[in-house]
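Next come the chains, spelled out residue by residue.
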Amino acid sequence: MNLSNIVIILDHPDESRNIGSACRAMANNDIKSLRIIGKKENYNIEQIYTLAIHAKDIFDNATFFDSITEATADCVLCAGTTRRRGKKRKGKLLLPEEFAKTSSQITNLSENNNSKIAVVFGNERTGLTDEQLEECNIGVTIPSSDEFSSLNLSHAVQIICYTLFREKNSTVTGYTPLNLKRIDKTVTVISDNLKKIGFFSLNGQKEMELFWRNLLARSALSESEAQYLEKIFTKAAGLSQKKQDSNITD
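The rules behind these values
- Residues numbered from 1 in each chain as written.
- Predicted model: local features only at pLDDT ≥ 70, side-chain atom pairs only at ≥ 80, totals over all residues.
- Heavy atoms only, no water.
- Helix = DSSP H or I, 4+ residues; strand = E, 2+ residues; numbered from the N terminus.
- Buried < 20%, exposed > 50% of the residue type's maximum accessible area, 1.4 Å probe, protein only.
- Salt bridge = Lys/Arg side-chain N within 4 Å of Asp/Glu carboxyl O.
- Axes fitted to C-alpha atoms, helices over the stretch in contact; angles between N-to-C directions.
- Parallel < 35°, antiparallel > 145°, perpendicular 65-115°, else oblique.
- Left-handed = near helix turned anticlockwise from the far one by under 90°.
- Contact = heavy atoms within 4.5 Å.
- Nonpolar A, V, L, I, M, F, W, Y, C, P; charged D, E, K, R; others polar.
- Pairing = 2+ DSSP bridges.
- Right-handed = clockwise from strand over helix to strand, strands pointing away.

Moving on to the environment of asparagine 203. Mapped onto the elements, asparagine 203 comes out in the loop between α8 (180-196) and α9 (205-218). Judged by its relative accessible area of 64%, asparagine 203 falls in the exposed class. Remark: the alpha-carbon pair of asparagine 203 and leucine 216, spanning 13 residues in sequence, is separated by 22 Å.

Right, here's the structure in full:
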C-alpha cells in the first residue's frame, strides 16, 4: 500500500474543529494529502490548528475545490463513504477492509507510484447526497450500531485511514492505472459510438456513461486497454454505418 497516493476529501464540512481532528487522524496513519470541497475562508484556522496539534501542516497544504469531480480528476478511483443504502447509492457497499485491499492492489500497480485513490467524506449533518455519491465510483460503509449509527466525521476518517495503514505492506507491481479524467475520455468515445449506431432511445445515455465510468475505474484500466476499448467501439460504429450505407445503395 502506497499511502502517499491516498487522498482524503472532505465535502463541505461544517465544523472547523472536525477538520483539525481529521488532519490528526490522517497523520496518525501516514496519510498526508487533504482536499476540501468548499472555501478556505469559511473555516476558523485557529480551531483547526487546536485540534490538529502537530498535524496542522496537512491543513496548510490542503487544496480546495468546487466539486468532487474536480477534486478527483487526477485520481484513478473515487470512493464515497456512506452508511445509507439504496438504489442510487452504489448497490453493494464495500467494508473498509475490502476497500483497503482494492486500494492496495491499485496503488501498487503503478511503476511510478502515481495512482491516486480518493476517499470522500460528506458533511457532518447530511453525509453524501445521492448526487454527490454519483460522482464517486464505489461506496464504502463503516458498520455501526443500529441504535446509534452516525459516526463523527473525524472518527470515520480515522477508521478508514487506519484500515488503509494496516494494509500498507501489500506489494504488487505492474502498470499505471488511468486517472478519472482519462477514463472520461474513453467513456465519451464509447457513448458517442453507441449513439451513432442508435443504441440510445430518448433516455439512458447518462446512466450508461455512469455505468462505464464506474466499471472502468474499478477495473484499474491501463492506457493500452483504454485504447483497445475505444478502437472496438469506433470500429463497431463504423461497420454499422457501412452496413446502413450498403442497404441504402442496394
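This part is about the pattern of salt bridges. Scanning all chains against the criterion turns up ten salt bridges. With a shortest N-O distance of 3.9 Å, aspartate 30 and lysine 168 are connected by a salt bridge. With aspartate 30 in the loop between α1 (16-28) and β2 (33-37) and lysine 168 in the loop between α7 (153-166) and α8, this pair connects stretches of sequence that are 138 residues apart. When its relative accessible area of 29% is taken as the criterion, lysine 168 is described as partly exposed. For the salt bridge of glutamate 230 with arginine 182, the shortest nitrogen-to-oxygen distance reads 3.1 Å. With glutamate 230 in helix α10 (residues 223-249) and arginine 182 in helix α8, the pair connects residues that are 48 residues apart, well separated along the chain. We classify glutamate 230 as buried; its relative accessible area is 12%. Members of the salt-bridge network, linked through shared partners, are Arg182, Glu223 and Glu230.

The contact between α8 and α9 brings their axes to 9 Å, and the two run at 140°. One finds that α8 runs oblique with respect to α9. Seen from above, α8 lies across α9 with right-handed handedness. Touching Leu180, Ile183, Asp184, Thr186, Val187, Ile190, Ser191, Leu194 and Lys195 of α8 are Gln205, Met208, Glu209, Trp212, Arg213, Leu216 and Ala217, all from α9. Considered class by class, the residues forming the contact of α8 with α9 number nine nonpolar, three polar and four charged.

For strand β1 (residues 6-11), the tally of buried residues reaches six of six residues, placing the bulk of the element in the interior. Sheet analysis places β1 next to strand β6 (residues 116-121), joined by five bridges and oriented parallel. The residue bridging isoleucine 8 from the neighbouring strand is valine 119, located in β6. At this point the chain moves from β1, through α1, to the parallel β2, and the crossover so formed is right-handed.

Here we come to the sheet that holds β1. Spatially, seven strands are ordered β3-β2-β1-β6-β4-β7-β5 in an open sheet, and the strand pairing comes out parallel. Unpaired on one side and paired on the other, β3 (63-65) and β5 (93-94) mark the two borders of the sheet. Relative to strand β7 (residues 138-140), strand β4 (residues 75-81) runs parallel, the two sharing three bridges. Along β7, the bridge assignment pairs glycine 80 with glycine 139.

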